[in-house]
Amino acid sequence: MRLIMLGAPGAGKGTQAVILSERFNIPHISTGDIFRSNIKEGTELGKKAKEYIDKGLLVPDEITIGIVKDRLLQPDCRNGFILDGFPRTIPQAQYLDKALEDMGIMLDAVINIYVSDDEIVRRMSGRRVCPSCGMSYHTDYNPPGKNGECSGCGTAVVQREDDREETVIKRLQTYHAQTEPLIDYYEKQGKILTVTGRDKIEDTTGELFSSLDSFRQKMSS
Ligand code: ADP
Ligand code: ZN
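Residues numbered from 1 in each chain as written. Chains lettered and ligands numbered in written order. Predicted model: local features only at pLDDT ≥ 70, side-chain atom pairs only at ≥ 80, totals over all residues. Heavy atoms only, no water.

S.K.: Requested: an account of the coordination of the zinc ion (ligand 2), with residues and values cited.
M.R.: For a metal with four tetrahedral donors the ideal donor-metal-donor angle is 109.5 degrees, while six octahedral donors give ideal angles of 90 or 180 degrees. Binding of the zinc ion (ligand 2) to the protein goes through C130 (SG), C133 (SG), C150 (SG) and C153 (SG), at separations of 2.3 Å. Each of the four donor atoms around the zinc ion (ligand 2) contributes to a set of angles spanning 99 to 121°, which defines the coordination as tetrahedral. In terms of primary sequence, the donors binding the zinc ion (ligand 2) are separated according to C-x2-C-x16-C-x2-C. For C150, a relative accessible area of 4% corresponds to the buried category. (Donors = N, O, S within 2.8 Å, 3.2 Å for Na, K, Ca; no water. Tetrahedral: all angles 85-135°; square planar, octahedral: opposite > 155°, others 65-115°. Buried < 20%, exposed > 50% of the residue type's maximum accessible area, 1.4 Å probe, protein only.)

Okay, here's the thing in structure tokens:
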């Protein structure tokens, strides 16, 4: 299964991607996570990416595309993958189409998680992440374990620097200008499957799995 997750920042792409990744046993590739782990380790890539990320801007395409290219060539991607946070611009999508064609593979679906801007701003203020394993939490909807520790690995969860309100608003502008056009782009390929991002994670997951099922049936018939 080869999937792309689309949606505004904070729509819940990452959370659903982790669930899909376990269900289908395929790697979850998050460009945001790759950048964050490079920032944490203080690599050259991390230093460059941080300048853009902290301003709510996108990391330049040349940098991002190179990373994804290397990742898709890893052997664990042979049976499929879930791209989360890539592509985020039309040139990235065009690059990906070309790369997949060269590899002789096709995307199964592009999952678009819809959440309104107001809702996003409200949600982001409560978002917390595990700096160790990348699990996301929300102070109200999906609280971490006792003492604010990750229920997966026990590390103390934190608020991401780019989740501050003014950065969130900038990220939403970036999303509407650069990423939202991808919905049309993939609509033209007949690949878009839109689900509503709900407050309750399992509600979104339920809708996602059932629409993915009918989408695949429609595709294979
Ligand atoms: P979110 O989906 O919540 O915005 P991500 O973790 O996916 O967060 O990404 C965090 C930041 O990393 C983005 O705001 C952007 O600056 C950068 N980034 C992630 N993926 C890409 C990409 N494909 N192209 C350019 N920049 C990216
Ligand atoms: Zn963890």
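The discussion continues.
S.K.: Describe the side chain of H138, naming the residues involved and giving the relevant values.
M.R.: Mapped onto the elements, H138 comes out in strand β6 (residues 136–138). Of note is the side chain of H138, whose polar atom sits 2.9 Å from the backbone nitrogen of D140. From its side chain, H138 meets the backbone nitrogen of Y141 in a polar contact 3.3 Å long. (Helix = DSSP H or I, 4+ residues; strand = E, 2+ residues; numbered from the N terminus. Polar contact = N/O pair within 3.5 Å; in protein donor to acceptor, adjacent residues only side chain to side chain.)

S.K.: Explain the UniProt feature "binding site: ATP" (unreviewed entry) in the chain residue by residue, including any values.
M.R.: This chain's UniProt record puts "binding site: ATP" (unreviewed entry) on G10, A11, G12, K13, G14, T15, R127, S136, Y137 and D199. Taken together, the annotated residues stretch across 190 residues yet fold into one region, lying no more than 14.3 Å apart by C-alpha. For T15, the location among the structural elements is in helix α1 (residues 13–24). Ignoring anything within four residues of it in the chain, the contact list for T15 reads S136 and I201. For S136, the position within the fold is in strand β6. (UniProt positions renumbered as here; feature names shortened; annotations may be inferred. Contact = heavy atoms within 4.5 Å.)

S.K.: Help me get a handle on the pattern of salt bridges, residues and values and all.
M.R.: Going through the model one piece at a time under the given rule, you end up with 16 salt bridges. Note that R123 and E119 form a salt bridge whose closest N and O atoms lie 3.7 Å from each other. With a gap of four residues between them, R123 and E119 both fall in helix α6 (residues 117–124), about one helical turn apart. Take R123 and E119: they sit in the same class, and that class is buried. (Salt bridge = Lys/Arg side-chain N within 4 Å of Asp/Glu carboxyl O.)

S.K.: Could you give an account of helix α7 (residues 165–179), with specific residues and numbers?
M.R.: Structurally, the α-helix is built with 3.6 residues per turn, so residues lying three or four positions apart point the same way. Relative to the 21 Å expected for 15 residues at 1.5 Å per residue, α7 spans 20 Å between its end C-alpha atoms, a close match to the ideal helical length. Taken together, the buried residues of α7 touch β1 (2–7), α3 (44–53), β4 (109–114), α6, β5 (127–129) and α8 (181–187). (Expected span 1.5 Å × (residues − 1).)

S.K.: Let's hear about the nonpolar core: which residues, and what values?
M.R.: Counting residues in each nonpolar core, the largest one holds 24 residues, and the members touching the most others are L3, L20, I111 and I120. For this core, the element with the highest residue contribution is helix α9 (residues 201–220), accounting for four residues. With near-sequence residues (within four places) excluded, I120 lies in contact with A8, P9, G10, A11, V115, V168 and L172. Counting residues in hydrophobic clusters, the runner-up holds 22 residues, among them I4, I65, A93 and L107. (Core = buried A, V, L, I, M, F, W, Y, C linked by side-chain atoms within 4.5 Å.)

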